[in-house]
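Structural overview for review
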Amino acid sequence: MKVLSAEDVRRLVPMSTAVDAVRDAFRELAAGHFVLPPRQIFGDGAVLVMSAYHTPTGTAVVKKIGIALDQVPAIRATVIWTGNGEQLVADGGSITTLRTGAVVGVATDLLAHADATRLTLIGTGAQAADQIRAVLAVRPITQVTITGRSADRAATLADQLATEFPEAKFTPGTNIDEAIADTDIICCATSSATPLFNADALPATVHVNAIGAFRPTMRELPRNLLATASTVLVDQREAALEESGEVIDAIKAGALRETDLVELGPALSNPPTPQGRTVFKSVGLGPQDWAIAAALARA
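Residues numbered from 1 in each chain as written. Predicted model: local features only at pLDDT ≥ 70, side-chain atom pairs only at ≥ 80, totals over all residues. Heavy atoms only, no water.

1. Some thoughts on the pattern of salt bridges
- Summed over all chains, the structure comprises 18 salt bridges.
- A salt bridge links Arg99 to Asp289; its shortest N-O distance comes to 2.9 Å. Here Arg99 is found in helix α3 (residues 92-111), whereas its partner Asp289 is found in helix α11 (residues 286-298), with 190 residues between them in sequence. Of the two residues, Arg99 and Asp289, both sit in the buried class. (Salt bridge = Lys/Arg side-chain N within 4 Å of Asp/Glu carboxyl O. Helix = DSSP H or I, 4+ residues; strand = E, 2+ residues; numbered from the N terminus. Buried < 20%, exposed > 50% of the residue type's maximum accessible area, 1.4 Å probe, protein only.)

2. So, the side chain of Lys63
- Within the secondary structure, Lys63 is located in strand β5 (residues 59-67).
- Using a relative accessible area of 1% as the deciding quantity, one classes Lys63 as buried.
- A distance of 2.8 Å separates the side chain of Lys63 from the side chain of Thr96, its partner in a polar contact.
- Every residue in contact with Lys63, bar those within four places of it in the chain, is listed here: Leu48, Val49, Met50, Ala77, Thr78, Val79, Thr96, Arg99 and Asp289. (Polar contact = N/O pair within 3.5 Å; in protein donor to acceptor, adjacent residues only side chain to side chain. Contact = heavy atoms within 4.5 Å.)

3. Structural notes on unusual backbone geometry
- Positive phi values are uncommon outside glycine, yet Asn84 reaches one of about 55 degrees.
- For Asn84, the location among the structural elements is in the loop between β6 (75-83) and β7 (86-91).
- The exposed category is assigned to Asn84, whose relative accessible area is 60%.

4. Considerations on the pairing of strand β4 (residues 47-54)
- Residues of β4 alternate between two faces, with Leu48, Met50, Ala52 and His54 buried on one and Val47, Val49, Ser51 and Tyr53 left unburied on the opposite face.
- Two strands pair when backbone bridges link them, and strand β2 (residues 34-35) and β4 are joined in this way by 2 bridges, in the antiparallel orientation. Within β4, the residue paired with Phe34 across the bridge is His54.
- For strand β3 (residues 40-42) and β4, the ladder comprises 3 bridges, and the chain directions are antiparallel. Looking at the pairing, Ile41 lines up with Leu48 of β4.
- Counted between consecutive antiparallel strands, the loop separating β3 from β4 contains 4 residues, among which Gly43 sits at a positive phi close to 60 degrees. (Pairing = 2+ DSSP bridges.)

5. A short note on the pairing of strand β12 (residues 206-210)
- Burial runs high along β12: 5 of the 5 residues are buried.
- When strand β11 (residues 185-188) meets β12, the two strands line up parallel, connected through 4 bridges. Across the sheet, Ile185 pairs through a bridge with His207, a residue of β12.
- In terms of strand pairing, β12 meets strand β15 (residues 277-281) through 5 bridges, oriented parallel. Bridging across to β15, Val208 finds its partner in Val279.

6. Re helix α9 (residues 245-252)
- In terms of burial, α9 is a largely internal element, 6 of the 8 residues being buried.
- Restricting attention to buried positions, one finds in α9 the residues Gly245, Glu246, Val247, Ile248, Asp249 and Ala250.
- Each element contacted by the buried residues of α9 is listed here: β12, α7 (223-228), α8 (237-243), β14 (261-263) and β15.

7. A closer look at the sheet that holds strand β10 (residues 169-173)
- With parallel pairing, the 8 strands of this open sheet are ordered in space as β10-β9-β8-β11-β12-β15-β13-β14. Sheet topology places β10 and β14 at the edges, where each strand pairs with a single neighbour. Recorded for the sheet is a direction-independent mean angle of 20 degrees between the axes of neighbouring strands.
- Where strand β13 (residues 231-234) meets β14, 3 bridges bridge the pair, whose relative direction is parallel. (Axes fitted to C-alpha atoms, helices over the stretch in contact; angles between N-to-C directions.)

8. What about the side chain of Asp130?
- Within the fold, Asp130 resides in helix α4 (residues 128-138).
- According to the relative accessible area criterion, Asp130 is buried, its value standing at 1%.
- Here Thr97 takes part through its side chain, which lies 3.0 Å from a polar atom of the side chain of Asp130.
- Apart from residues no more than four positions distant in its own chain, Asp130 is found in contact with Arg10, Met15, Thr97, Leu98 and Gly101.

Quick look at the structure:
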């Protein structure tokens, strides 16, 4: 049995590799090559257990997550991957942020304009940095605005990433409407229970990723954005209908229909044509964890 730390995960699977691995995993999901037991949720989302079995290779992954939003880090997890006579036990926190960033990279590559250069991140928590890394892996971003409730945390994250990506200009702030008014791509990575902005504050053409809200009681995106977006992309329709507060709210209000939801896996083979505003809403799936764990096993 091999035990891998967070540092091992980062060293062995860079973001570009993670994006490619997660993209391939969603193609495999669309082809029906995964067995996905229902996610187990305990304590109103305080503890989650996710698993996935890849039938062509006979490999499987199980992840246990503990979430405490009042702690740092908020997510503590362990991933176990098994197959081909091997077993890996890896730090699940780093895998979770890496695979969540990676799926945003896949969706952004699918929907954002190829020449997008401006990115706005809303949120400064554990998921934030990998959101930026993922978008920079698939688009020629030169300007990044980081906004959050704490000006100090936004500035600290901006300084950290400016060292990592010297080709981009990083600007911290706390005014969300100002930050999203003139941008090409937005990433939302918060635990907000209410929408972070109104659709009227957005540019006419923009791609929006939302990965922070993972409970039916949480919402990062406004109802009127989902109602008017040309494409509402989700990692999986069934998961979004059960866990995405934004999607559940919009459907209950009649602003969105279940059939309006486009699943990521099939969209990779039949890409939608991006027009105006587009949205990607992710709640996270087991094949994403499998993808990173399998990449670790190969490495």
